[in-house]
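For reference, the chains in residue letters:
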Amino acid sequence: MPEKIIVKVDPDIADLVPGYIDNRHRDIGLLSEALAKNDYDGLRKIGHDLKGSGSGYGFDKITEMGRTLESAAKSGDGTEIKKLIDELTDYLDRLEIVYE
Amino acid sequence: MSILIIDDSRDIINITETFLKNAGYKDLVSCSSAEEAMTFVGLSENLSPNNDIELILMDIMMPGINGIELTMTIKNHEAFKDIPIIMLTANETVQDLQNSFAVGAMDYIKKPFKKEELLARVSSALRLKHEMDQRKAREKELLETMQQLETANKMLQTLSAIDSLTNIANRRFLDHYLYEEWRRAVRNEASLSIIMADIDHFKLYNDTHGHQAGDEVIKKVAAVLKAAVHRPGDLVARYGGEEFIVVLQDTGKEGGMQLAEKMRQNIFSLSIPHDKSSYGLVSLSLGVSSVVPTMESSTEKLINEADKALYKAKEKGRNRAEYYDGKG
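Described in the following lines is the structure provided in the data block. All values reported here derive from a predicted model rather than from experimental measurement.

### Quick look at the interface of chain B and chain A
Here is step 1: Listed per partner, the contact involves 18 residues of chain B and 20 residues of chain A.
Here is step 2: Looking only at chain B, the three residues that lose the most surface to chain A are D11(B), I15(B) and P112(B), adding up to 34% of its buried area.
Here is step 3: There are five salt bridges connecting chain B and chain A.
Here is step 4: Between D60(A) and K114(B) there is a salt bridge, with the nearest N and O atoms lying 3.8 Å from each other.
Here is step 5: Of the residues forming the side of chain B that touches chain A, the biggest block, seven residues, is contributed by helix α1 (residues 10-22) of chain B.
Here is step 6: In terms of residue class, the side of chain B that touches chain A is made up of seven nonpolar, five polar and six charged.

### Thoughts on the packing of aromatic side chains
Here is step 1: The final tally for this structure, using the stated rule, is six aromatic pairs over all chains.
Here is step 2: When the centroid spacing of 6.0 Å and the interplanar angle of 5 degrees are considered together, the rings of Y20(A) and F59(A) count as stacked. A residue pair is termed long-range when its members are at least 10 positions apart, and Y20(A) in helix α1 (residues 17-36) and F59(A) in the loop between α2 (40-57) and α3 (60-74) qualify at 39 residues.
Here is step 3: Taking the relative accessible area as the measure of exposure, Y20(A) reaches 1% and is therefore buried.
Here is step 4: Here F59(A) falls in the buried class, since its relative accessible area comes to 0%.
Here is step 5: Arranged with centres 6.4 Å apart and planes meeting at 10 degrees, the rings of F202(B) and Y205(B) form a pair that is stacked. With a gap of three residues between them, F202(B) and Y205(B) both fall in helix α7 (residues 202-209), about one helical turn apart. Accessibility classification places F202(B) together with Y205(B) in one group, the buried group.
Here is step 6: An aromatic cluster of three or more residues is present, and its members are Y20(A), Y57(A) and F59(A).

Parameters and conventions
- Residues numbered from 1 in each chain as written.
- Chains lettered and ligands numbered in written order.
- Predicted model: local features only at pLDDT ≥ 70, side-chain atom pairs only at ≥ 80, totals over all residues.
- Heavy atoms only, no water.
- Contact = heavy atoms within 4.5 Å.
- Buried area = accessible area lost by both parts, 1.4 Å probe.
- Salt bridge = Lys/Arg side-chain N within 4 Å of Asp/Glu carboxyl O.
- Helix = DSSP H or I, 4+ residues; strand = E, 2+ residues; numbered from the N terminus.
- Nonpolar A, V, L, I, M, F, W, Y, C, P; charged D, E, K, R; others polar.
- Phe/Tyr/Trp six-rings, centres within 6.5 Å; stacked < 30°, edge-to-face > 60°.
- Buried < 20%, exposed > 50% of the residue type's maximum accessible area, 1.4 Å probe, protein only.

Given below as structure tokens:
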């Protein structure tokens, strides 16, 4: 069993969080597709949105990954992007949310 | 009044709405593009402006029309220029922020934002907006009061110049007007005449017919005298009791006497019965004086001379006009 990543989230937004996490799972698919098509604009846009939303929901790590993704997309660094997709997948798998 | 949130990311709209709703902001509207927002605000063609928006939170980077362009469009519209706009931005470039402020945004919030930061900025923007609205309302009120005051002043000015019984100029206005006409005549070396007119045996008329009938006679005489002058610069004023003064611009002895005679005739032909008068009818005595004014002479002297001519008309048997010939 891989180690859990425990994140504390404001109970005020408890209703929103499952939907937010679902969208991130969907992002993994979108990112892989975009990378396959070398759609760096699309990759950058997703990175930009992750950066802008993550911390607001309590997920600083998502903002950080989004920032890295955005700059990797800008410089067309496919290897780095592949790594980030894996990292995001791993993060979501191990994520455990605590509302407090 | 609603808060409008414009962002192409559903995740951002969701969390912004939730933070605001939990803080008690009930009236929230969200648009996921600038185009959608323009329709809601009433900026697109054939739409009437939506006057119910008190704050806009707007993403900068949106596909299609971006936040800076949209802010510029909103701020250029008279109906919306006072709505505060806070930019939501995940771009740390200084240029974006400079552009935002340049087109009229009042503040910005960096994404990702914490609840506390969002609420603090929203609440301070709204407070500022309410203060501004209140100040504008007070300014409008003040302006209205000033306009009312001005209207009242004009009315007072008119009232203070008009004799309430006869509705012709009163003594106060006559003094002012004669002084101005005097100065004008001095400048232009023009002649100036006045006619002083007095209703004959008016006291006896009052004693016989009563004061109310007397007032009616004064009103009729005033109306007839006023109707006899036609030039805009000529003035008929009630001087006191049953006395009137007519000021005539650019008029000498001949013109003054002609008009005085015409006034005498017009009054006499009213044929108002006056038992105590030797003519049996209400009549008018008039004294005329003319001058080409100089700084050495005075309006008082001119009036005094007309009064002397009037006295002469009374002496000679009333119901006549006399000219001041330098005697007496």
